[in-house]
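# Tertiary structure, described
Letter by letter, the chains look like this.
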Amino acid sequence: MSATIKLTLPDDSVREYPAGTTAAEVIKSIGPGLARAALAASLDGTPVDLGTPIGHDARFAALTFDSDQGREVLRHSASHLMAQAVTELYPGTKVAIGPAIEDGYYYDFDRETPFAAEDLKKIEARMAEIVLRDLPVTRQEMPRDQAIEHFKQLGETYKVELIEALPAGETISCYRQGGFIDLCRGPHVPSTGRIRHYKLLSVAGAYWRGDERNKMLQRIYGTAFDKKEQLDAHLAKLEEIKKRDHRRLGKELDLFSLHEELGAGLVCWHPKGARMRSIVEDHWRKRHFAGGYDIVYTPHLGREWVWQTSGHLKFYHENMYSPVDIDGDKYYLKPVNCPMQIMIYKSGHYSYRDLPLRWAELGTVYRYERSGTLAGLFRVRGFTQDDAHIICTPAQMDEEILRVLDFSLSILSDFGFTDVKIELSVRDPARLDKYAGADEMWVKAEQSLVKALQARGIAAERMEGEAVFYGPKIDIKIRDSLGRLWQCTTIQFDFNMPEKFDMTYVAEDGAKHRPYMVHRALLGSLERFFGILIEHYAGNFPLWLAPVQVAVLNITSAQGEYARKLAGVLTAQGFRVTLNPGGEKIGAKIRDAEIAKVPCMAIVGAKEAETNRVSLRRHGRGDVGQLTVDELVALLHKEVAERA
RNA sequence: GCCACCGUAGCUCAGCUGGCAGAGCAGCGGUUUUGUAAACCGCGGGUCGGGGGUUCAAAUCCCUUCGGUGGCUCCA
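Figured I'd write up the structure that's included with this text. In this text, all values refer to a predicted model and were calculated from it rather than measured experimentally.

## Points about the nonpolar core
- Judged by nonpolar contacts, the single largest core of 65 residues is most densely connected at Phe415, Phe493, Leu523, Phe541 and Leu545.
- Beyond its immediate stretch of four places on either side in the chain, phenylalanine 493 contacts Met397, Ile401, Ala445, Ser448, Leu449, Tyr470, Gly471, Pro472, Tyr516, Met517 and Val518.

Below, the structure written as structure tokens:
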């Protein structure tokens, strides 16, 4: 080992230190501010403890909370802190795993009595104490056998199981803080005092290793931040998410309902929600016709033969409902639309000149989802997919994929979603045997998907092994106004159905060939998409989507006639208008309209009635001044057209 | 499906360790005619999610079932 080592910092500057200098000392030499912020360090990209002596040349970086790795270290340390508090408060509790996750961390515990909300407060208080103790967090390595023995003696059977799963001969690292020792790869913050701003959020059940055959453990979720403002902002965001919850807004704005008496996961669209849905559907249809699609309708159930042929009875049986008996035949509610559309295809003969076919459908499907997974509009048992199937020749494939990608992104942007994340899911190269369809088809299909993404300069994340068994796919996730990602669009090749149903077309050579088929759901499910829209806009819908666009409010009943006429003019212009001619004060009428989140309030008193004008008040913005009725109509038309 | 928690009027919620079901808003009937987020008075409304049990007595305790919430799991 040389006496000095060279460390390359992120700005590419190189500094020399005596060999064996610790990461903390290096950071201290860079600057006191950085030393205060540093949670751990990174050596050639690998995170290490601040106390690690450095013995060789390397790329070096301090890890602060600003980096993903730094955040992970702090939160992982917070999970250890929580586990220590729990084991101190409730002796005999076994600890399982406690990783950092997006936005926080959790730890799974095995304890007879469940944790109550009060327990979280107690645990938090104990965590605060341990922080004050400022216990050093130290790393300790031991051979595998010794580690197993050690945790056996502690009665930590889950840890023993974890270590046993590690390869033989591997050195096991543990981290100790005070009397608490945990199996852990690390790194961690140097002492418990370094964890300052944290909060326990919820308790939930979780199976050991995520397998429902295993014991149900108790998981406590928490989060941790480096600065108080960050934690406060995060908690404020959680509050905001609660406020925007589509289940709450759906009720408040009278958009939809679910009923115990009707059955779980079945949605009733109220007039206002249905109005919005019809606007979404109308736009969707208009764009599809303009985009070269035809629209089809198919039934809600079909005979056993269809589902046997498609393979759903074999592979998707758990998600399908029991059959209905019709004249002694079994009919199943459809969980997907494709077989029905294939029936349409099979009713004719197609030549290569007829392709590509682009068939879209708002098809209502029924899937059994386990009761615990149901959630508002996001996970239901009956929903309408905006499904489409593209049937094309190999030569048309590239163009069709590019076209459907452009089309999807364009429609998502119509609804205000321009920030998207795209994933390309391909085969698991290690398990090529578990996929349907010829190897050549997979290769070509994947090339089409890649080419389309490249043509648009889209950096998609490649997901090895995430393809469904019947074909590769592109998924588009949209980012909402709170930064959350929602998967909507999926563009999937299907090499299975054309085969199963023996779909063919006659090619230039006069022979029958197998067409390529692509499934595409764009908005996904109308129910779910509606839920996303509600939360994205927090119920403050843009004018073109708002179920009620204008509330006409007269100041006294003397303007009743003028108000009625105005409402009539706006309605005739195609706007959605309500009139509140009642005897309340204008303040009360305005309040009602504001609470209903109506985008425009047309307020008319004596002055307006005389001059054929209105006073326009915008939701959330207040009075924006007077304008003539014609000006109002023009303004509304313009705003609707812009979908602003 | 599993674990925890929850279910009281249309909505939001109060009702402590068992002792005659409450409030605000909404609704309805009046009065009020009002200038940018709540006028006033009055009235009606509940088998306390359903079923069973314990008890002299159950919204309250126990069992069961349905539904919801947070997770786990699954997602052709």
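Let's pick the thread back up.
## Let's talk about the pairing of strand 23 (residues 461-464)
- Across four bridges, strand 22 (residues 420-426) lies against strand 23 in parallel orientation. Paired with serine 425 across the two strands is methionine 463, which belongs to strand 23.
- Chirality of the crossover, the property in question, places the unit of strand 22, helix 14 (residues 439-455) and strand 23 among those that are right-handed.

## Here we look at the protein's contact with RNA strand B
- Around RNA strand B sit 52 residues in total, of which Gly210, Tyr316, Phe469, Gly583 and Glu608 are the nearest.
- Restricting the count to atoms of RNA strand B within 4 Å of the protein gives a sugar and phosphate share of 49%.
- A distance of 3.3 Å separates a base oxygen of RNA strand B from a polar atom in the backbone of lysine 607.
- In this structure, glutamate 608 approaches RNA strand B through a side-chain N or O atom, which is 2.3 Å from a base nitrogen.
- Put simply, the parts of the chain that give the surface near RNA strand B at least two residues each are strand 12 (197-207), strand 13 (216-225), helix 8 (246-252), helix 11 (312-315), helix 18 (586-595), helix 19 (606-611) and strand 32 (613-618).

## Quick look at the packing of aromatic side chains
- Under the definition given, this model contains 26 aromatic pairs.
- Centroid distance phenylalanine 315 to phenylalanine 469: 6.1 Å. Interplanar angle 50°. Geometry classified as tilted. Of this pair, phenylalanine 315 sits in helix 11 while phenylalanine 469 sits in the loop between strand 23 and strand 24 (473-479); the two residues are 154 residues apart in sequence, bridging distant segments of the chain.
- The exposure class of phenylalanine 315 is exposed, given its relative accessible area of 56%.
- One aromatic cluster is present, formed by Tyr435, Trp442, Phe493, Phe495 and Tyr516 through successive ring pairs.
- Over the aromatic face of phenylalanine 225 sits the side chain of arginine 75, whose NZ or CZ is 4.7 Å from the ring centroid.

So, how was this worked out
- Residues numbered from 1 in each chain as written.
- Chains lettered and ligands numbered in written order.
- Predicted model: local features only at pLDDT ≥ 70, side-chain atom pairs only at ≥ 80, totals over all residues.
- Heavy atoms only, no water.
- Core = buried A, V, L, I, M, F, W, Y, C linked by side-chain atoms within 4.5 Å.
- Buried < 20%, exposed > 50% of the residue type's maximum accessible area, 1.4 Å probe, protein only.
- Contact = heavy atoms within 4.5 Å.
- Pairing = 2+ DSSP bridges.
- Helix = DSSP H or I, 4+ residues; strand = E, 2+ residues; numbered from the N terminus.
- Right-handed = clockwise from strand over helix to strand, strands pointing away.
- Near = heavy atom within 4 Å.
- Polar contact = N/O pair within 3.5 Å; in protein donor to acceptor, adjacent residues only side chain to side chain.
- Phe/Tyr/Trp six-rings, centres within 6.5 Å; stacked < 30°, edge-to-face > 60°.
- Lys NZ or Arg CZ within 6 Å of the ring centre and 35° of its normal.

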